[in-house]
Amino acid sequence: MNRKEIWVYLERNQEEIEEVSLEILGKANELGKKSGMPVVGVVLGNDPGDLGNIALKHGADVVIFLKDPLLESYSTEDYTKALFEMIGKRTPEIFLLGATYQGRDLAGRLSARLRTGLTANVVSLDIGEDGYLLSGVPGYGSKVLAEIVCVRNKPQMSTVRPGIFNKTVIPNEAGIVEVVDIDLKDSVSRVKVLSRKVEKHPDLSRAEKVVIAGNGVEGNLDMVARLADILGARLGVSRPIADKGKASRELQVGSTGYSLNAKLVLIFGVSGAEHFLPGIANCQTVISINVDRESGIFEYSDYCIVADASKIIPILLKEGGDR
Amino acid sequence: MRNIIVCIKIVPKAEDMNFDPETRTMKRGGVENQINEADKNAIELSLRIKEKSGGRVVLLSMGPPFFDQYLKIGIAMGADDAILLSDRLFAGADTFATSATLSAAVRKIGDYDLVLCGEETSDGGTGQVPSQLAELLDLPQMLFVSEADIDGNSVKARRTIKGGYETVESGMPAVLSIELGINQPRFPDFRRKRWADKEFSLTVWSASDLGIKPELTGTSGSYTIVKRLTEFSTHQRQRISVAGTVEQQADKIMEILRESR
Ligand SMILES: Cc1cc2nc3c(=O)[nH]c(=O)nc-3n(C[C@H](O)[C@H](O)[C@H](O)COP(=O)(O)OP(=O)(O)OC[C@H]3O[C@@H](n4cnc5c(N)ncnc54)[C@H](O)[C@@H]3O)c2cc1C
Ligand SMILES: Cc1cc2nc3c(=O)[nH]c(=O)nc-3n(C[C@H](O)[C@H](O)[C@H](O)COP(=O)(O)OP(=O)(O)OC[C@H]3O[C@@H](n4cnc5c(N)ncnc54)[C@H](O)[C@@H]3O)c2cc1C
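On a predicted model such as this, the values are computed, not experimentally measured, just so you know.

Caption draft 1: Region of the structure containing the overall build of chain B. Within chain B, the secondary structure is distributed over seven helices and 15 strands. In terms of principal-axis extent, the alpha carbons of chain B reach across some 65 × 45 × 40 Å. Looking at chain B as a whole, 56% of its 261 residues qualify as buried. Expressed as a percentage of contacts within chain B between residues at least 6 apart in sequence, the contacts between residues at least 24 apart total 71%. Accessible area of chain B: about 11,800 Å², with a carbon and sulfur share of 47%.

Here it is in structure tokens:
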């Protein structure tokens, strides 16, 4: 007999599990309780380490570790193949992944192979009265939310936006980690990774205080970064600043960047475009500084300050105790 | 170098779109359309590849007949050919049905080395089409690409991953999704635009031209259903205006910062 299951893809980041995967586990646990379905965390790799236990602490009832030397590092095609086989065997009802670079790369390919529906960048999840997964997908930047279902096939797949759900510790004494040797034999990957350059950034979506630099302070980025430092805040940027290579994508705020959950954000020289706004929607207090009195950002701010950033930042630096 | 197929979507300008709570739809009246921004970056990249390594740039778009004028803008930018997939059957497609239809067209165009897409659109914005298209064509995929170089029969690309980037390589043909903002798309050439408007004849293919089964396209080929649209509710901001000299404004900011601690 097949039990109905909710699967969550646990994205590995060396010896850790990505925050978003743990966030999803917490939400899946809630959906599992509501619908009577167990939550299964699925992780691929060669060395299970302590990953399984971490997932069991954050909402998984069971963890499946798909083990093969070829799965040590991520590749679209080998990961798709392994998951396709496993899904064929256990036929989960729902499969949730983080809307990260890797999660989106994998989910698109896998959903097409499975011939099933996939919803993107989901910001809300529920199970409807009819038992189907209801996912909320933002559109046009942040103007609308489309409630989408997949009734034609299983699993119902979604990628979930980081920073939306909360990671929670859910004690689970009875949880088990199943290690499944899948024996892929040869790699089917046609894409070779020649080199990789990554830096570790703490998760911007969980920062308490953020100072954001937009196009209007492109020439004063060092000053804004210095101010963030003095205020004990993290630096964030609008998309164009990251596009120009002046800051890492990991600092980008907005629909294709991070959603912040800060208590306070201080925004310099950002116009408030549709695709920027979802990034600050969940912040408690928003202070904006813009030279343009008519700037759209003011409509989404608690404190609106019409000023030239290059004039006000030096004063803030001084008041903040900068030498 | 053989054909470089660039998939482009025509999208409404996001700032023009407004939700109508009465009808639960987006008001489209008076809305300006444009080539999706990331797709313009993909066109620009394809033209640079062509200038260096040869080949033909073919634009491919699925949508209603009025998209033709935007495809002509792409021709005026320097693309060699453009194909519009237009049929009532295609309406209401989710990303899978869109990818299925596009893949049939890519096969029909044939003789290609690269299929380029934008990373995501500004309306649906799922970013799902490139990888679904790659799967349906059984081709390697490289997503969120910011640089690409052709070297003989392979393509070397730089793609964004969490915390940084990777340099990757694969044989061709391959599907690439191009990051928004990686280059400055050239302006349409004025004379070429005039030529395109007068003499260029756009190819339009229907479902039967593609030989695709109707049940694989549009609403019937979709696996997802939009149950309803709701307005994205963000909480109302206070919008307190902080006036005074720049020093007074700075003092106020410091005060708010202290209070929020
Ligand atoms: C608010 C909203 C939410 C939606 N959510 C979902 C969802 O969760 N799942 C789902 O399956 N569908 C969804 N859809 C439907 C989806 O937008 C359409 O299927 C659309 O045809 C393609 O998806 P996209 O715009 O997200 O493309 P993306 O995948 O974001 O597009 C990436 C690239 O693919 C190419 N491309 C995309 N469409 C075309 C085209 N018509 N012609 C040529 N090239 C193209 C372009 O190069 C583009 O840059 C949603 C639509 C809306 C309005
Ligand atoms: C599919 C898609 C996804 C996107 N995703 C994102 C995203 O995730 N994040 C994002 O940010 N954008 C995103 N964008 C881009 C977005 O549409 C805007 O282009 C972008 O947000 C604009 O950035 P900005 O406000 O910094 O710059 P601008 O729009 O150029 O605004 C600069 C502002 O600075 C002000 N200014 C100028 N000089 C000064 C000064 N001396 N002092 C104070 N103020 C000054 C100006 O008045 C202006 O308001 C996306 C776009 C698309 C199509």
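Caption draft 2: Spatial organisation of the packing of helix H7 (residues 309-319) of chain A against helix H7 (residues 246-259) of chain B. Contact geometry of H7(A) with H7(B) gives a least axis separation of 9 Å together with a crossing angle of 50 degrees. When the interaxial angle is binned, H7(A) and H7(B) end up oblique. Crossing geometry of H7(A) relative to H7(B) is assigned as right-handed. Contacts between H7(A) and H7(B) pair A:Lys311, A:Ile312, A:Ile315, A:Leu316 and A:Glu319 from the former with B:Val246, B:Glu247, B:Gln249, B:Ala250, B:Asp251, B:Ile253 and B:Met254 from the latter. A class-by-class count of the residues in the contact of H7(A) with H7(B) yields seven nonpolar, one polar and four charged.

Caption draft 3: Broad picture of the interface of chain A and chain B. Contact with chain A, which involves 84 residues of that partner, is made by 80 residues of chain B. Summed over the shared surface of chain A and chain B, the number is twelve salt bridges. Two residues, A:Arg113 and B:Glu135, come together in a salt bridge whose shortest N-O distance is 2.8 Å. Here chain A is connected to chain B by 42 residue pairs in polar contact (both at pLDDT 80 or more). Classifying every residue of the side of chain A that touches chain B gives 39 nonpolar, 18 polar and 27 charged. Both strand E13 (residues 191-198) of chain A and strand E11 (residues 164-171) of chain B contribute to a ladder of seven bridges, which runs antiparallel. Its bridge partner lying in E11(B), A:Ser195 is registered against B:Thr167.

Caption draft 4: Highlighting the confidence of the model for chain B. Considering every residue of chain B, the mean pLDDT works out to 94; 100% of them sit at 70 or more. Predicted as a complex, the structure gets a pTM of 0.95 and an ipTM equal to 0.95.

Caption draft 5: Up close: the side chain of B:Lys72. Positionally, B:Lys72 belongs in helix H2 (residues 68-77). Beyond its immediate sequence surroundings of up to four residues, B:Lys72 is in contact with B:Lys193, B:Ala196, B:Asp197 and B:Phe200.

Caption draft 6: Fine view of empty space enclosed by the protein. Residue and element names in this part refer to chain A. Applying the stated criterion across every chain yields a total of one cavity of 30 Å³ or more. In this structure, the largest cavity occupies an estimated 40 Å³ of space. Looking at the lining of the largest cavity, the element that brings in the most residues is helix H4 (residues 101-114), giving three residues. For the lining of the largest cavity, a count of residues per class yields two nonpolar, five polar and one charged.

Caption draft 7: Main features of the sheet that holds strand E11 (residues 156-160) of chain A. Residues and elements named next belong to chain A. Taken in spatial order, the seven strands of this open sheet run E7-E11-E6-E1-E4-E5-E12, and their pairing is parallel. The sheet terminates laterally at strand E7 (118-122) and strand E12 (176-181), the two strands that pair on one side only. Mean inter-strand twist for the sheet, computed between neighbouring axes without regard to direction, equals 20 degrees.

Caption draft 8: Expanded view of the packing of aromatic side chains. On inspection of all chains with the given rule, the structure shows six aromatic pairs over all chains. Centre to centre, the rings of A:Tyr74 and A:Tyr79 are 4.9 Å apart; their planes meet at 70 degrees, and the pair counts as edge-to-face. You'll find A:Tyr74 and A:Tyr79 in the same group, each marked buried. Relative to B:Tyr223, the ring of B:Phe96 has its centre 5.2 Å away and its plane inclined at 80 degrees; by these criteria the two rings are edge-to-face. Taken as a pair, B:Phe96 in helix H3 (residues 95-109) and B:Tyr223 in the loop between helix H6 (207-210) and strand E14 (225-231) lie far apart in primary sequence, 127 residues in all.

Rules used throughout
Residues numbered from 1 in each chain as written. Chains lettered and ligands numbered in written order. Predicted model: local features only at pLDDT ≥ 70, side-chain atom pairs only at ≥ 80, totals over all residues. Heavy atoms only, no water. Helix = DSSP H or I, 4+ residues; strand = E, 2+ residues; numbered from the N terminus. Buried < 20%, exposed > 50% of the residue type's maximum accessible area, 1.4 Å probe, protein only. Contact = heavy atoms within 4.5 Å. Areas by Shrake-Rupley, 256 points an atom, 1.4 Å probe, with all protein chains shown as cover. Axes fitted to C-alpha atoms, helices over the stretch in contact; angles between N-to-C directions. Parallel < 35°, antiparallel > 145°, perpendicular 65-115°, else oblique. Left-handed = near helix turned anticlockwise from the far one by under 90°. Nonpolar A, V, L, I, M, F, W, Y, C, P; charged D, E, K, R; others polar. Salt bridge = Lys/Arg side-chain N within 4 Å of Asp/Glu carboxyl O. Polar contact = N/O pair within 3.5 Å; in protein donor to acceptor, adjacent residues only side chain to side chain. Pairing = 2+ DSSP bridges. pLDDT = per-residue confidence, 0-100. 1 Å grid on protein atoms, 1.4 Å probe; cavity = no way out; pocket = protein on both sides within 12 Å on 5 of 7 lines; lining within 4 Å. Points joined across faces, edges and corners; volume = space filled by probe spheres on them. Phe/Tyr/Trp six-rings, centres within 6.5 Å; stacked < 30°, edge-to-face > 60°.

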